[in-house]
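Reading the structure
Here's the letter readout for the chains.
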Amino acid sequence: MTQDEQKRAVAQAALQYVPVGEIIGIGTGSTANFFIDELARIKHRIEGAVASSEVTANRLKQHGIEVLDLNSVSEIPVYIDGADEITRNMHMIKGGGGALTREKIVAAVAQKFICIADRSKLVGVLGKFPLPVEVIPMARSYVAREITLLGGQPAWRQGVTTDNGNIILDVHNLNIMNPVELETTLNQITGVVTNGLFARRGANVLLMGTDQGVETITL
């Protein structure tokens, strides 16, 4: 199976986790897009969706799926999203598409997080994919210096502004042995909005596309 075929397969498999008559959370990225396209086939079964980005919201609306503001929603049974990297411990790096903060917020509200990913995203140790950190613009240089002291090499993702009006630093050359600890440490740097480590709130289920089909991994 090609990478896109694996993404489509896990998107289709994720439909079984969509509860009838409920509001679901939906992430951002190429695999999430496959899921949105599949969800459109059963859109009559759900009440609506909370989107983790403006891009996702627009795609949902194009399919005629109602997009709801998170502040108007009391609970989300399930959040479905991809990952840039994920381990078998369900720790992830996310934010390659720049939506990490809203993704993390929706994931925090959701009762269950279903990660959908192709086989290339599964890793033993996080960090080969540069770790995105969303930063208040005026704090960019300060935060970069602090991250350097932690052993990372931050690079400003120039020309990119998040949906929240902030900038992103992509941190290279990290070997993340303790993702929960690093997630907390980075978030304590003044000027950091959040970082792309999803370890304190990781996935509950990983639907991973392989050449043999979809493998389901749970803790």
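Residue numbers run consecutively from 1 along every chain, following the written order of its sequence. Only residues with pLDDT of at least 70 are given local features in this predicted model, and only at 80 or more are side-chain atom pairs given and counted; all residues enter the totals for whole chains, interfaces and linings. As a rule here, side-chain values cover all heavy atoms of the structure and leave hydrogens and water aside.

1. Here we look at the overall build of the protein
Each helix and strand counted, the protein has six helices and 13 strands in total. Throughout, radius of gyration means the C-alpha value; the globule benchmark is 2.2 Å times the number of residues raised to the power 0.38. Here the C-alpha atoms of the protein give a radius of gyration of 17 Å, agreeing with the 17 Å that 2.2 N^0.38 yields for 219 residues. For the protein, the spread of C-alpha atoms along the principal axes amounts to about 50 × 40 × 30 Å. Sequence separation of at least 24 residues holds for 72% of the intrachain contacts in the protein that already meet a minimum separation of 6. Computed with a 1.4 Å probe, the accessible areas rest on the Shrake-Rupley method; for each residue, only the protein chains presented here act as cover. Accessible surface, the protein: about 10000 Å² in total, of which carbon and sulfur atoms supply 47%. For the protein, the distance from the average position of its 20 positive side-chain charges to the average position of its 23 negative side-chain charges is 2 Å. Under the DSSP-based scheme used, a helix requires at least four consecutive residues in state H or I and a strand at least two consecutive residues in state E, with every element numbered from the N terminus. Whether two residues are in contact is decided by their heavy atoms, any of which lying within 4.5 Å being enough. Note that His is not counted, nor are the chain ends; the positive residues are Lys and Arg, and the negative ones are Asp and Glu. Here the site of a charge means NZ on Lys, CZ on Arg, CG on Asp, or CD on Glu.

2. Topic: the side chain of E85
Note that E85 resides in strand β4 (residues 85–86). Residue burial is assigned from relative accessible area. The probe radius is 1.4 Å, only protein chains are included, and a residue is buried under 20% of its type maximum, exposed over 50%, and partly exposed in between. Definition used for salt bridges: Asp or Glu carboxyl oxygen within 4 Å of a side-chain nitrogen of Lys or Arg. This buried residue, E85, is left without a salt bridge; K128 holds the nearest opposite charge, at 7.2 Å. As used in this structure description, the phrase polar contact means that two N or O atoms lie within 3.5 Å; if the pair is within protein, one of them must be able to donate a hydrogen and the other to accept it, and residues adjacent in sequence are counted only when both atoms belong to side chains. Only 2.9 Å separates the side chain of E85 from the backbone nitrogen of G127, close enough to count as a polar contact. Here E85 is in contact with H91, M92, I93, K121, V123, V125, L126, G127, K128 and F129, once residues within four sequence places are set aside.

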